[in-house]
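Breakdown of the fold
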Amino acid sequence: MMRQRKRLVLLVVLALSVSLLAGCGGQTGDARSALEPVPAANEETESAKAPAPRPTEGDDQPEGGPEKSGPEEPEKDEPPAGGTAGEQQPEEPAPEPVEPAAKPEPVPAPAAGPEPEPAPAAEPEPEPEGESVMAGDTYTISVTLEGGSGRATVESPVKLHYEGWTCWATIIWSSPNFDYMKVDGQRYDPINSEGNSTFKIPVSAFDQPLTVIADTVAMSEPHEVEYILTFDSASMQDA
């Protein structure tokens with residue numbers, strides 16, 4: 001830009017000197033010949049002398065005429081957002097692969113426990129203490145009587161027989177005035193209708209006092225009397 005301005009100034013000065021020489025009657029032919037070889041300079045001079053375009057209305061121009069603008073500078077590429085041009089943006093780390101959730105292991109079925117043992121069979125009722133006996137057999141056994149007024153007695157020995165696992169004793173009183181007996185709350189009526197009162201009662205144990213109740217009608221009113229019978233297993237014999 002400065003060089004162009006200097007060249008224009010030189011051309012203007014040269015043109016003024018030539019015009020001065022022409023006005024003074026100098027050699028115009030030499031001056032013209034000197035000016036002919038620089039047509040490019042004349043073109044530049046004419047372009048320089050050409051009037052500048054008038055600014056349109058509304059344009060703000062500074063005082064002293066429009067300023068000559070230099071060559072337009074090339075537009076610089078704006079750097080992309082997030083960094084300057086040419087800079088390499090740091091690469092984002094790749095997401096770590098997500099491991100698939102572990103499948104739940106199947107729960108093993110509980111081992112079958114030992115089969116429950118069968119319930120033991122009901123044990124038969126224990127037979128009365130003493131020697132073992134068989135159903136249908138008949139025995140005799142001594143018995144003692146306690147309680148009451150002491151006037152009533154029972155015959156001894158008495159007969160024993162088994163029906164299944166139940167032992168029964170035949171009790172014969174010394175009086176016909178007993179109308180029933182109770183053993184363990186169960187009532188038993190006499191097995192005879194004449195003579196002394198006779199009863200068939202169960203015997204749950206030998207050599208142990210067994211409480212029984214006998215109801216007597218010898219008094220003015222029936223009256224239950226408590227007695228104790230004891231069967232001696234050592235005296236038991238076949239009938």
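To keep things clear, this report deals only with the structure shown in the data block. Every chain is numbered independently, its residues counted from 1 as its sequence is written. Per-residue local features are limited, in this predicted model, to residues with pLDDT of at least 70; the limit for side-chain atom pairs, both in listing and counting, is 80 or more; totals at the level of whole chains, interfaces and linings are taken over all residues. The side-chain quantities take in all heavy atoms of the structure and omit both hydrogens and water.

1. Regarding the pattern of salt bridges
- Here, a salt bridge means any side-chain nitrogen of Lys or Arg that lies within 4 Å of a carboxyl oxygen of Asp or Glu. Within the structure shown, the criterion is met by three salt bridges.
- Ionic pairing is found between Lys 200 and Glu 163, a salt bridge with its closest N-O pair at 2.8 Å. Highlighted residues: Lys 200 in strand S6 (residues 198–202) and Glu 163 in strand S2 (residues 158–163), separated in sequence by 37 residues.
- Between Glu 224 and Lys 182 there is a salt bridge, and its shortest N-O distance comes to 3.3 Å. Residue Glu 224 is found in strand S8 (residues 223–238), and its partner Lys 182 is found in strand S4 (residues 178–183); the two are separated by 42 residues along the sequence.
- With a relative accessible area of 27%, Lys 182 lands in the partly exposed category. What counts as a helix is a DSSP run of H or I of at least four residues, what counts as a strand is a run of E of at least two, and both are numbered from the N terminus. Classification of residues uses two cut-offs on accessible area relative to the type maximum, computed with a 1.4 Å probe and protein chains only: under 20% is buried, over 50% is exposed, and between them is partly exposed.

2. Let's talk about the layout of surface pockets
- In this analysis the probe radius is 1.4 Å and the grid spacing 1 Å, with only protein atoms considered; a cavity is a set of points the probe fits into but cannot get out of, a pocket is an open set with protein on both sides within 12 Å along at least five of seven lines, and lining residues have an atom within 4 Å of a point. Grid points are joined across faces, edges and corners, and a volume is the space filled by probe spheres set on the points. One number sums up the size of the second largest pocket: a volume of about 230 Å³.
- Three classes are used: nonpolar for Ala, Val, Leu, Ile, Met, Phe, Trp, Tyr, Cys and Pro, charged for Asp, Glu, Lys and Arg, and polar for all others, with Gly counted as polar. Residue classes in the lining of the second largest pocket are distributed as six nonpolar, six polar and one charged.

3. A word on the nonpolar core
- Residues Leu 160, Ile 171, Trp 173, Ile 201, Phe 206 and Phe 231 are the most contacted members of the largest nonpolar core, which totals 29 residues.
- Looking at this core, the element that brings in the most residues is S8, giving five residues.
- Between two residues, a contact is recorded if the distance between any of their heavy atoms is within 4.5 Å. Setting aside residues no more than four positions away along its own chain, Ile 171 makes contact with Val 154, Val 158, Ser 197, Thr 198, Phe 199, Ile 201, Leu 229 and Phe 231. Residues belong to one nonpolar core when they are buried, are Ala, Val, Leu, Ile, Met, Phe, Trp, Tyr or Cys, and are joined through side-chain atoms within 4.5 Å.

4. Regarding the sheet that holds strand S7 (residues 210–216)
- Read from one edge to the other, the open sheet built from eight strands follows the order S5-S4-S7-S8-S1-S2-S3-S6, with strand pairing classed as antiparallel. Both outer strands of the open sheet, strand S5 (186–188) and S6, are each paired with one neighbouring strand and no more. Taken over all neighbouring pairs, the strand axes of this sheet differ in orientation by 35° on average, direction set aside.
- DSSP bridges decide pairing: two strands pair if at least two such bridges lie between them. Pairing geometry for strand S1 (residues 138–147) and S2, over four bridges, is antiparallel. Among the inter-strand pairings, Thr 138 is bridged to a residue of S2, identified as His 161. Lines fitted to the C-alpha atoms define the axes, with helices restricted to the stretch that makes contact. Angles between their N-to-C directions range from 0 to 180 degrees.

Everything listed here is a matter of coordinates, which is why it stays silent on function.
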